[in-house]
Amino acid sequence: MLEIFGPVPSRRLGQSLGINNIPPKHCTYSCVYCQLGKALYMTTRRQSFFSPEYLVASVRQRLSELEAGNETIDYLTVVPDGEPTLDNNLRELVHRLKEFAIPVAIITNASLIWNAEVRESLLEADWVSLKVDAISDLVWRKIDRPHKSLDHHEILAGINQFANRFRRNSQHKLMTETMLVEGINTGIAELRRLAEFIGPLQPDCAYLSIPTRPPAEADVVAADKTSLTQAYDIYTSKIPCVEYLIGYEGNSFSNTGNSRNDILSITAVHPMREDAIQTLLERNGNDHSIVEQLVREQLVEVSCYNGNTYYVRNYSRKH
Ligand code: SF4
């Protein structure tokens, strides 16, 4: 039952039971930051890998095991080690998963979304995350290294079409995810293009991430704190909800009354401006020494952008 894994705790999805609907490393892209390694089997041909009956029976079995242990699941998540929309049974699979009355999530690179059948499959889900790493063709080719048959304009048009229909159901949750690789898609012009494209999609949240595990190419460098802060600033000028998704899957930010924990959990999600830090400290009756201590421990770093001082989580440290 290797096709079913978890549950794994996820900041975005709570307790998520993973469904691997394609064999490993089948993808339409060969992203420079891919953590699956170089030996990808690149294809755009949709095909049948595992039967929906088999996958649904495996989910049923796993859910009954979890139920016996009083464990609950928040999402059934289709997230293989490759691109889930390569599965031409995806629509039927998602449809059948509804028998469990648990919301279904799909995390896709969106490269096949120009295909109407793929859009229909994704419309069956309750929560969809679309990868949007670049808008200009050159940057897209550099970062996602697409299969030669793919057309970026068609993909962007497909994303627009899908988002318009998906959002008609107010229960649906639409997310975007942008992986930031220093020197490839961290330029101001590209970030503005990304924000201008993603804003009108009206996602529930636009996530910014960086490679946190060894990528396919050794020279890939994760966006540094200045680029992350800049990307956050540009995105939030066009998109209401923007969060970091940087390998941290603990609690989403909260106000517990413990300034140290609050600052750590909030900066894991987005940078905190000096004034926001000050407000939090005053509310909890603390002084600035807590922040200074976090900086000394290298858990939090200081970043200056647009004349403001921000505090950002130090992602190079394990927490
Ligand atoms: S889309 Fe995902 S699986 Fe495919 S190459 Fe990129 S990072 Fe790897």
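Cut-offs applied
- Along each chain, the written sequence defines residue order, and numbers are assigned to residues from 1.
- Only residues with pLDDT of at least 70 get local features here, since the model is predicted, and only at 80 or more are side-chain atom pairs given and counted; chain-wide, interface and lining totals rely on the full set of residues.
- Excluding hydrogens and water, the side-chain values take into account all heavy atoms of the structure.
- Only strands joined by at least two bridges in the DSSP assignment are considered to pair.
- By definition, any uninterrupted DSSP run of H or I lasting at least four residues is a helix, any uninterrupted run of E lasting at least two residues is a strand, and each is numbered from the N terminus.
- Structural elements are reduced to axes, namely lines fitted to C-alpha atoms, with helices fitted over the stretch in contact, and the angle between N-to-C directions of any two is expressed from 0 to 180 degrees.
- Salt bridge, as used here, is a side-chain nitrogen of Lys or Arg placed within 4 Å of a carboxyl oxygen of Asp or Glu.
- Relative accessible area decides the class of each residue, using a 1.4 Å probe on protein chains only: under 20% of the type maximum gives buried, over 50% gives exposed, and in between gives partly exposed.
- Near is defined per residue: the residue qualifies when any heavy atom it owns lies within 4 Å of the molecule or strand.
- Throughout this entry, Asp, Glu, Lys and Arg are counted as charged residues, while Ala, Val, Leu, Ile, Met, Phe, Trp, Tyr, Cys and Pro are counted as nonpolar. The remaining residues, Gly among them, count as polar.
- If you view the pair so one helix is near and one far, a crossing is left-handed when the near helix is turned anticlockwise from the far one by less than a right angle, and right-handed when it is turned clockwise.
- Note on definitions: a residue-residue contact is assigned when non-hydrogen atoms from the two residues lie within 4.5 Å.
- To be clear, the arc concerns the directions from the helix axis to the C-beta atoms.
- Pairs of N or O atoms within 3.5 Å make up the polar contacts considered here, provided that, within protein, one atom can donate a hydrogen while the other can accept it, and that residues adjacent in sequence are counted only when both atoms are side-chain atoms.
- Domains are outlined according to an automatic or database domain assignment.
- When two parts are put together, the accessible area they lose, computed with a 1.4 Å probe and summed over both, is reported as buried area.

J.: Just give me the short version of the sheet that holds strand β9 (residues 205–209), but keep the residues and values in it.
T.: Strand order in the open sheet formed by eight strands is β1-β2-β5-β6-β7-β8-β9-β10, with mixed pairing between adjacent strands. Edge positions in the sheet fall to β1 (4–10) and β10 (242–244), since each of these pairs with one other strand and no more. Averaged over all adjacent pairs, the angle separating strand axes in this sheet is 25°, with direction ignored. Summarising the sheet, strand β8 (residues 173–179) and β9 pair through five bridges and their orientation is parallel. In the sheet register, T176 faces β9, and the bridge partner there is A206.

J.: Which residues make up the pattern of salt bridges, and what values do they have?
T.: Scanning the entire structure with this criterion turns up 15 salt bridges. Between D137 and R141 there is a salt bridge, and its shortest N-O distance comes to 3.0 Å. With D137 and R141 both in helix α4 (residues 137–144) and four residues apart, the pair spans about one turn of that helix. Relative accessible area serves as the criterion here: at 30%, D137 is assigned to the partly exposed category. Using a relative accessible area of 38% as the deciding quantity, one classes R141 as partly exposed. A network of salt bridges, in which partner residues are shared, links R91, E117, E120 and R165.

J.: How would you summarise the site of the ligand if you had to cite specific residues and measurements?
T.: Residues in close proximity to the ligand include C27, Y29, S30, C31, Y33, C34, L36, L40, G82, N109 and K131, which together make up its full environment. Partitioned by chemical class, the residues of the shell around the ligand number seven nonpolar, three polar and one charged.

J.: Help me get a handle on the packing of helix α6 (residues 188–198) against helix α7 (residues 225–236), residues and values and all.
T.: Axis separation between α6 and α7 bottoms out at 9 Å; the angle between their running directions is 35°. Where α6 crosses over α7, the two elements pack in a sense that is right-handed. Residues I188, L191, R192, L194, A195 and I198 of α6 touch α7, and the partners they reach there are Q230, A231, I234 and Y235. Partitioning the contact of α6 with α7 into residue classes produces eight nonpolar, one polar and one charged.

J.: Any chance you could break down helix α9 (residues 274–283) for me, citing the residues and the numbers?
T.: Three or more residues of α9 are buried, namely I277, L280 and L281. The buried residues of α9 occupy an angular sector of 100° when projected down its axis, which confines them to one face. Facing away from the buried side of α9 by over 90 degrees, the exposed positions are E282 and R283. Close packing links the buried residues of α9 with α8 (259–267), β11 (272–273), α10 (289–296) and β13 (308–313).

J.: Report on the side chain of T28, specifying residues and quantitative values.
T.: Residue placement: T28 occurs in the loop between β3 (26–27) and β4 (41–42). A polar contact is formed between the side chain of T28 and the side chain of N109, at a distance of 3.0 Å. Ignoring anything within four residues of it in the chain, the contact list for T28 reads M42, T43, T44, E83, L86, N109, S111, L112, P146, H147 and L150.

J.: Could you give me a rundown of the domain arrangement of the chain, with the residues and numbers involved?
T.: Entries for the chain in the domain assignment read domain 1 (4–244) and domain 2 (259–313). The gap between the C-alpha centroids of domain 1 and domain 2 is 31 Å. Opposite the 10 residues of domain 1 that make contact, domain 2 presents 12 residues. Together, the buried faces of domain 1 and domain 2 total about 1,000 Å²; carbon and sulfur atoms form 61% of this surface. It is K225, T229 and Y244 in domain 1 that bury the most area against domain 2; as a group they hold 51% of the surface buried on that side. Connecting domain 1 to domain 2 are one salt bridge. Between E301 and K225 there is a salt bridge, and its shortest N-O distance comes to 4.0 Å. There are two residue pairs in polar contact (both at pLDDT 80 or more) connecting domain 1 and domain 2. When residues of the side of domain 1 that touches domain 2 are traced back to their parent elements, those giving at least two are α7 and β10. In terms of residues, the side of domain 1 that touches domain 2 owes the most to one element, α7, which gives seven residues. Of the residues assigned to the side of domain 1 that touches domain 2, the class counts are three nonpolar, three polar and four charged.

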